[in-house]
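# Coordinates in review
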Amino acid sequence: MTFSSERRSFEKDLLKVLPTKLRGSRWKKKQNAIFCELCGFYFDVFVSVFVNDRKTTFSMSAKPMTLDTHYWNITGLESNNSEPLSFRSWGAFTCPGLPLREESIFDEGMGTDVLARKLLEWADSQVETALHRLTAESFSSAVARHPNHVERGTYAISYVTSLIAEGNFKAARQAAVAYADGSVESAHKHRHLGRDFHEIAVDWIDSMEENN
């Protein structure tokens with residue numbers, strides 16, 4: 001067996017044993033991620049087993065539960081509210097969560113039972129710390145200063161949607177117009193019925209203000 005084949009087998013065994021370690025916890029699993037809802041926030045942790053090194057990475061992200069709800073209202077995809085909780089990680093039309101923490105584990109000689117337990121312990125310890133961070137400021141503020149967003153507009157969709165969720169329609173409209181006309185970079189493009197999300201958001205905000 002080649003090294004990469006060994007690592008893929010290790011990943012398969014890890015993901016197979018993981019659900020048994022999650023029983024009785026707040027976490028559930030879908031594919032290579034665990035997820036939960038806590039205090040109005042959605043958390044997920046993606047598990048990445050390296051195929052060229054004896055290393056496994058845990059990556060945690062979070063977003064308010066209301067974020068995707070507002071996104072679906074804006075885009076006319078309200079039926080997505082009835083999807084399973086994991087849809088917020090795996091659905092095509094959702095708001096990206098804000099990356100919070102990443103941890104790399106050197107797993108040489110470590111069994112999958114031990115690594116699965118370490119993942120659960122790490123996730124539980126990080127989620128408590130993350131809640132303090134997430135409740136200390138508005139989500140839009142946290143998104144706005146994330147380096148990936150500052151440099152590339154990586155979380156533009158989440159930024160506009162969070163401003164709307166927070167009731168700051170003026171700032172949301174200004175940002176959406178800038179992303180729509182390309183004067184500010186938005187790294188990800190979501191199109192609905194041939195239109196960019198940011199264009200739809202501008203129209204939605206205008207309609208809301210007309211009706212109020």
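Please read these numbers as outputs of a predicted model, since none were measured by experiment.

Our next topic: the pattern of salt bridges. Counting across every chain of the model gives 13 salt bridges. One salt bridge in this structure joins glutamate 128 and arginine 26, with 3.2 Å as the shortest N-O distance. On the criterion of sequence distance, the pair formed by glutamate 128 in helix α4 (residues 112-135) and arginine 26 in the loop between α1 (3-22) and β1 (28-30) is long-range, its members being 102 residues apart. Residue glutamate 128 is classed as partly exposed on the basis of its relative accessible area, which comes to 38%. The exposure class assigned to arginine 26 is partly exposed, which follows from its relative accessible area of 34%. Across the pair arginine 152 and glutamate 151 runs a salt bridge, and its minimum N-O distance is 3.1 Å. Because the salt bridges share partners, they merge into one network encompassing Arg26, Asp124 and Glu128.

Non-glycine residue glutamine 31 carries a positive phi angle of around 55°. You can see glutamine 31 is positioned in the loop between β1 and β2 (33-38). Judged by its relative accessible area of 45%, glutamine 31 is partly exposed. Even without glycine at this site, cysteine 39 takes up a positive phi of about 55°.

Quick look at the pairing of strand β4 (residues 55-64) now. Of all 10 residues in β4, 8 are buried, a share of seventy percent or more. Relative to β4, strand β3 (residues 41-49) is paired through 9 bridges, and the arrangement is antiparallel. Residue pairing for β4: valine 47 is matched across the bridge by phenylalanine 58. Where β4 and strand β5 (residues 98-106) come together, 8 bridges link them in antiparallel fashion. Its bridge partner being in β5, threonine 56 is matched across the sheet by isoleucine 105.

To continue, consider the packing of aromatic side chains. Here the structure, examined in full by the defined rule, presents 6 aromatic pairs. Between tyrosine 71 and phenylalanine 197, the ring centres sit 5.0 Å apart and the planes meet at 20°, which makes this aromatic pair stacked. Highlighted residues: tyrosine 71 in helix α2 (residues 65-75) and phenylalanine 197 in helix α9 (residues 197-210), separated in sequence by 126 residues. With respect to class, tyrosine 71 is no different from phenylalanine 197; both count as buried. Between tryptophan 72 and phenylalanine 87, the aromatic rings sit 6.0 Å apart at their centres with planes inclined by 55°, giving tilted as the arrangement. With tryptophan 72 in helix α2 and phenylalanine 87 in helix α3 (residues 87-90), this residue pair connects regions lying 15 residues apart in the sequence. Just as tryptophan 72 is buried, phenylalanine 87 falls in that class too.

Time to look at helix α8 (residues 169-181). End to end, α8 covers 18 Å across 13 residues, agreeing with the expected 18 Å (1.5 Å per residue, within 8%). Along α8, the positions that sit buried rather than exposed are Phe169, Ala172, Ala175, Ala176, Ala178 and Tyr179. Next to the buried residues of α8 lie α6 (147-152), α7 (156-165) and α9. Just downstream of α8 lies glycine 182, where phi reads positive at about 85°.

Rules of the game
Residues numbered from 1 in each chain as written. Predicted model: local features only at pLDDT ≥ 70, side-chain atom pairs only at ≥ 80, totals over all residues. Heavy atoms only, no water. Salt bridge = Lys/Arg side-chain N within 4 Å of Asp/Glu carboxyl O. Helix = DSSP H or I, 4+ residues; strand = E, 2+ residues; numbered from the N terminus. Buried < 20%, exposed > 50% of the residue type's maximum accessible area, 1.4 Å probe, protein only. Pairing = 2+ DSSP bridges. Phe/Tyr/Trp six-rings, centres within 6.5 Å; stacked < 30°, edge-to-face > 60°. Expected span 1.5 Å × (residues − 1). Contact = heavy atoms within 4.5 Å.

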